[in-house]
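Architecture and fold: a report
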Amino acid sequence: MTWIRPLGAHAERPCTLVVCRGCCCGDPRKNPGSDHAGQLARLREAAAASGGRLAVRTSDCLGPCAQANVIVVQPTTEARRRGARAVWFGWALDDTATDEIIAWAESGGPGATPLPATLDLHRIDPPAPKPPANTGRRPRRGR
């Protein structure tokens, strides 16, 4: 079992890799030639060896299922303060894509290191925000 230290609301956060492992990403039926478990293990090994500079999380579903496997690289707290935002990658199915994502994140990731041209080919747009759920209430009428 791996111990995961919870991050406080005001704690400095490392560059974080959010790995989709929902309905399509990580599913060998959708992309049978990819080693999905091996990819996640390599990302976790890189985080463990980083001395706290990297973290890895998994998500049930990040949304762009047609572009599986999806990995989001979130900037460090400091880079976010300077305006950096998360970068989304799709079709991260092979060792080369995994190696490039790890190398870029280890070098600082968003806001710290320019995105390599080879990774730019994997860059995707995040899904559009979903509208708020209908609560079942009728709208209030003006009085």
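Presented here is an overview of the structure given in this document. In this text, all values refer to a predicted model and were calculated from it rather than measured experimentally.

**Describing helix α3 (residues 95-106)**
The end-to-end C-alpha distance of α3 is 16 Å, a good match for the 16 Å that 12 residues give at a rise of 1.5 Å each. When we look at burial in α3, the residues that qualify are Ala97, Thr98, Ile101, Ile102, Trp104 and Ala105. Each buried residue of α3 lies within a common arc of 165° when the element is viewed along its axis, so the set occupies one face. Downstream of α3 by a residue or two, Gly108 has a phi angle that is positive, lying close to 130°.

**Regarding the packing of helix α1 (residues 36-49) against α3**
For the pair α1 and α3, interaxial distance at closest approach is 11 Å and the crossing angle is 20°. The orientation of α1 relative to α3 falls into the category roughly parallel. Relative to α3, α1 is oriented so that their crossing is right-handed. Residues Gln39, Arg42, Leu43 and Ala46 of α1 form the contact with α3, whose own contacting residues are Asp95, Thr98, Asp99, Ile102 and Glu106.

**Thoughts on the side chain of Thr16**
Within the element layout of this structure, Thr16 appears in strand β1 (residues 15-20). Here the side chain of Thr16 touches Pro14 through a polar contact of 3.0 Å, landing on its backbone oxygen. Among residues more than four places away in sequence, those in contact with Thr16 are Ala55, Arg57, Val72, Val73 and Gln74.

**What about the sheet that holds strand β3 (residues 71-74)?**
Strand order across the open sheet formed by 5 strands is β2-β1-β3-β4-β5, with mixed pairing between neighbours. What marks the edges here is a single partner per strand, and that holds for β2 (54-59) and β5 (123-124). Examined bridge by bridge, β3 and strand β4 (residues 87-89) share 3 bridges and lie antiparallel to one another. The residue bridging Val72 from the neighbouring strand is Trp88, located in β4. Where α1 meets the sheet, it contacts β1, β2 and β3, and its direction lies at approximately 150° from that of β2.

**Observations concerning the pattern of salt bridges**
Inspection of every chain in the model, using the stated rule, returns 6 salt bridges. When the shortest N-O distance is used, the salt bridge between Asp27 and Arg29 registers 3.0 Å. Between Glu78 and Arg81 there is a salt bridge; the shortest N-O distance is 3.1 Å. A residue pair is termed a helical-turn pair when its members lie 3 or 4 positions apart in one helix, as Glu78 and Arg81 do in helix α2 (residues 77-81) at 3 residues. The network of salt bridges with shared partners includes Glu12, Glu78, Arg81 and Arg82.

**So, the nonpolar core**
Judged by nonpolar contacts, the single largest core of 20 residues is most densely connected at Leu17, Leu43, Val56, Ile71, Val73, Phe89 and Ile101. Counting residues per element, the ones that place at least two in this core are β1, α1, β2, β3, β4 and α3. A per-element tally of this core places α3 first, with 5 residues. With near-sequence residues (within four places) excluded, Leu43 lies in contact with Leu17, Val19, Val56, Ile71, Thr98 and Ile102. Among the nonpolar cores identified, the runner-up in size contains 10 residues, and Ala68, Val72, Trp88 and Ile124 belong to it.

The rules behind these values
Residues numbered from 1 in each chain as written. Predicted model: local features only at pLDDT ≥ 70, side-chain atom pairs only at ≥ 80, totals over all residues. Heavy atoms only, no water. Helix = DSSP H or I, 4+ residues; strand = E, 2+ residues; numbered from the N terminus. Expected span 1.5 Å × (residues − 1). Buried < 20%, exposed > 50% of the residue type's maximum accessible area, 1.4 Å probe, protein only. Arc of directions from axis to C-beta. Axes fitted to C-alpha atoms, helices over the stretch in contact; angles between N-to-C directions. Parallel < 35°, antiparallel > 145°, perpendicular 65-115°, else oblique. Left-handed = near helix turned anticlockwise from the far one by under 90°. Contact = heavy atoms within 4.5 Å. Polar contact = N/O pair within 3.5 Å; in protein donor to acceptor, adjacent residues only side chain to side chain. Pairing = 2+ DSSP bridges. Salt bridge = Lys/Arg side-chain N within 4 Å of Asp/Glu carboxyl O. Core = buried A, V, L, I, M, F, W, Y, C linked by side-chain atoms within 4.5 Å.

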